[in-house]
Amino acid sequence: MKAAKGSKRQSRVQLILIIVFLVLLQLLRLTYYRKGTSWQALEDQSRPLPIGLKWYDFILAFICWMDSFVRTYAKRPGLYYTGKQYDSSTPILVTSNYHLTIFSILWHIRKLGSFRLLIIDTDGINVWCAAGKGQFSNQQILAVLKRYKHDVLTGQGKITLILPKLSFSGVILQDLKKEKINPIIGPIYAKDLPTFLSVLPYKDQDSDCVDFNLATRVFTCLPGLLQVLTIHLKLLLVFMLLNKTLAVEIPFGLVSIPLIIATLYPLLFPFIPGTQFASKGVWLGAFISAGLVALFGLGYISNSQLLFSIFYTLAASIFFGLSYTGNSAISNYSKVKKEVVRFFPVEVLFYTLCLVTLIYKEVWL
Amino acid sequence: MIEIDQTKCIGCIVCTKVCPHQVLAMKNHKAEIINPDKCIECDACGLNCSSNAIKVTKGTGCFWLIVKQDILKRPGSCC
């Protein structure tokens, strides 16, 4: 009797914790940038503004990183300058108005002296994603430039713009040259800006290449964890509310499975068998399922719990594999599309089998 | 999918400069695909090719965007 009461109390606490977490996250997201915001005209819209890192930029950058699957914070488009005074002879670095990108640039050039930043309106999206969707293009660049008089932009004939290398799926070099602009292909990563800017004259970074190494993958771990946690907590909430009608206990510990997947997948990515993101998810799910079978063999879980957990693991691992295509720097559009067609129905099937198992058999807490 | 029509290629090397994965290289003053498996179909090369020698199936390899645009047929970005 006492054990049953204790178990019910525990379930109630878990339910409350999930709801509180999700509500707090939603409240935080109310402070985020709104898609399609039209920036209000300022009196000094035609004058460059100073820019620098403030203490709250570090907090905003952390939130941007942590919740990067959601549009977070954006900066007002325009021409900005670092240092104490505006200098029209300093280089102009073009970038998106995604806060984390600007933070990264300002952080890496903080010791280099004065620079100018041309922040264009990419609707709060990073350079690469915006360029692919046509939101980092010649039109956006020219729209910001035309706000300023030519002698404000440059003391020479042409305006020299240093463009991020990942912007060229949206930016056309030849068309910029027709607008009396001297475009230079800058580095891919902000961390390479100090090296690039220290060598004059500035040269196109043609050999710069995207790197999907361990450091890059580790960087994607936290946002992946939060995304997975948020989605699976909502799923668990549904299952827990179903508890009222189905009289089954939902193991709160199940949320650890997608968290394990979200941690292991990026870290072990090159070593997981399979060439596709979703098939790597299946392999990782199978590996974790082998662990669950071992637990069953040792008597820790029943056969119905094992069945449910395996379906849940495989569904979550395929889901994470497909989601990771948005996180990776190497996802090919045609291949991912084929993966979605092939594996998304399989994922839905596994989640459905989870529900069937729940309804058909009681799952122990 | 990426294809180069070498009869149209003028050897300006812009495509090799803008590619983020070094998929292309110059050989005998013509652009050639050397790492096809690394191509992510971003179309930086095709967009910047002044002689229209490069054809790419342009797209973004993001699951959420593919579901939103190609399956649900809703415009806009993935996030």
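Note that this is a predicted model, so its numbers are computed, not measured.

Procedures and definitions
Residues numbered from 1 in each chain as written. Chains lettered and ligands numbered in written order. Predicted model: local features only at pLDDT ≥ 70, side-chain atom pairs only at ≥ 80, totals over all residues. Heavy atoms only, no water. Helix = DSSP H or I, 4+ residues; strand = E, 2+ residues; numbered from the N terminus. Buried < 20%, exposed > 50% of the residue type's maximum accessible area, 1.4 Å probe, protein only. Contact = heavy atoms within 4.5 Å. Areas by Shrake-Rupley, 256 points an atom, 1.4 Å probe, with all protein chains shown as cover. Axes fitted to C-alpha atoms, helices over the stretch in contact; angles between N-to-C directions. Parallel < 35°, antiparallel > 145°, perpendicular 65-115°, else oblique. Left-handed = near helix turned anticlockwise from the far one by under 90°. Nonpolar A, V, L, I, M, F, W, Y, C, P; charged D, E, K, R; others polar. Phe/Tyr/Trp six-rings, centres within 6.5 Å; stacked < 30°, edge-to-face > 60°. Expected span 1.5 Å × (residues − 1). 1 Å grid on protein atoms, 1.4 Å probe; cavity = no way out; pocket = protein on both sides within 12 Å on 5 of 7 lines; lining within 4 Å. Points joined across faces, edges and corners; volume = space filled by probe spheres on them. Pairing = 2+ DSSP bridges. Domains from an automatic or database assignment. Buried area = accessible area lost by both parts, 1.4 Å probe. Salt bridge = Lys/Arg side-chain N within 4 Å of Asp/Glu carboxyl O.

(A) Representation of the overall build of chain B in the model. What chain B contains, in helices and strands, is three helices and four strands. Starting at the N terminus and ending at the C terminus, chain B contains elements arranged as β-α-β-β-α-β-α. The C-alpha extent of chain B, read off along each of the three principal axes, is 45 × 20 × 15 Å. Per-residue burial over chain B gives 47% buried out of 79 residues. For chain B, contacts bridging at least 24 residues in sequence account for 40% of all contacts bridging at least 6. Per element, the accessible surface of chain B, about 4,000 Å² overall, is 55% carbon and sulfur.

(B) Region of the structure containing the packing of helix α2 (residues 55-66) of chain A against helix α3 (residues 99-108) of chain A. Residues and elements named next belong to chain A. Remark: α2 packs on α3, axes separated minimally by 9 Å, with the N-to-C direction vectors making an angle of 130°. It follows from the interaxial angle that α2 and α3 lie oblique. The handedness of the crossing between α2 and α3 is left-handed. In contact with Asp 57, Phe 58, Leu 60, Ala 61, Cys 64 and Trp 65 of α2, α3 contributes His 99, Leu 100, Phe 103 and Trp 107. Residue composition of the contact of α2 with α3, grouped by class: eight nonpolar, one polar and one charged.

(C) Expanded view of the packing of aromatic side chains. All names here are of chain A. If you walk through the whole model with that rule in mind, you get 21 aromatic pairs over all chains. Aromatic side chains Tyr 32 and Tyr 73 sit 5.2 Å apart centroid to centroid with 75° between the ring planes, which places their arrangement in the edge-to-face category. With Tyr 32 in the loop between α1 (2-29) and β1 (49-50) and Tyr 73 in the loop between α2 and β2 (78-81), the pair connects residues that are 41 residues apart, well separated along the chain. With respect to class, Tyr 32 is no different from Tyr 73; both count as buried. Taken together, the aromatic side chains of Phe 212, Tyr 265, Phe 269, Phe 277, Phe 320 and Tyr 324 make up a single cluster linked through ring pairs.

(D) Here's a closer look at α2(A). In this model α2(A) runs 18 Å from its N-terminal to its C-terminal C-alpha over twelve residues, within 8% of the 16 Å that 1.5 Å per residue would give. Among the residues making up α2(A), those that are buried are A:Asp57, A:Ala61, A:Ile63, A:Cys64 and A:Met66.

(E) Focus on the layout of surface pockets. Taken as a whole, the second largest pocket encloses approximately 530 Å³ of empty space. As for the second largest pocket, its lining consists of 24 residues, of which A:Phe269, A:Thr275, A:Phe277, A:Ile330 and B:Asp37 are closest to the centre. Listed by contribution, the elements that provide at least two residues to the lining of the second largest pocket are α12 (277-297) and α14 (333-360) of chain A. For the lining of the second largest pocket, the leading source of residues is α14(A), giving five residues. Its residues assigned to classes, the lining of the second largest pocket shows ten nonpolar, six polar and eight charged.

(F) View of the sheet that holds strand β3 (residues 92-95) of chain A. Residues and elements named next belong to chain A. Taken together, the six strands give an open sheet; going across it, the order is β1-β2-β4-β3-β5-β6, and neighbouring strands pair in mixed fashion. Both edges of this open sheet fall to β1 and β6 (181-185), since each of them pairs with a single strand only. The sheet contact formed by β3 and strand β5 (residues 159-163) spans two bridges and is parallel. What sits directly across from Leu 93, in β5, is Ile 162. Seen against the sheet, helix α5 (residues 138-145) touches β2, β3, β4 (116-119), β5 and β6 and runs at an angle of roughly 120° to β4.

(G) Spatial organisation of unusual backbone geometry. Residue A:Pro201 is reached from A:Leu200 by a cis peptide bond, and omega for that bond is -5°. Within the secondary structure, A:Pro201 is located in the loop between α8 (193-197) and α9 (214-219). Despite not being glycine, B:Ile13 shows a phi value in the positive range, around 65°. In this fold, B:Ile13 is placed in the loop between β1 (2-4) and α1 (14-18). With phi around 60°, B:Glu41 is a residue other than glycine that occupies positive phi space.

(H) Up close: the domain arrangement of chain A. All names here are of chain A. Domain boundaries in chain A define domain 1 (37-209) and domain 2 (215-364). Computed over C-alpha atoms only, the centres of domain 1 and domain 2 are separated by 39 Å. With eight residues of domain 1 at the contact, the number on the domain 2 side is nine residues. The contact between domain 1 and domain 2 buries some 810 Å² in all, and 75% of this surface belongs to carbon and sulfur atoms. Counting the surface domain 1 buries against domain 2, the share from its top three residues, Trp 65, Met 66 and Phe 69, is 72%. Where domain 1 meets domain 2, there are zero salt bridges.

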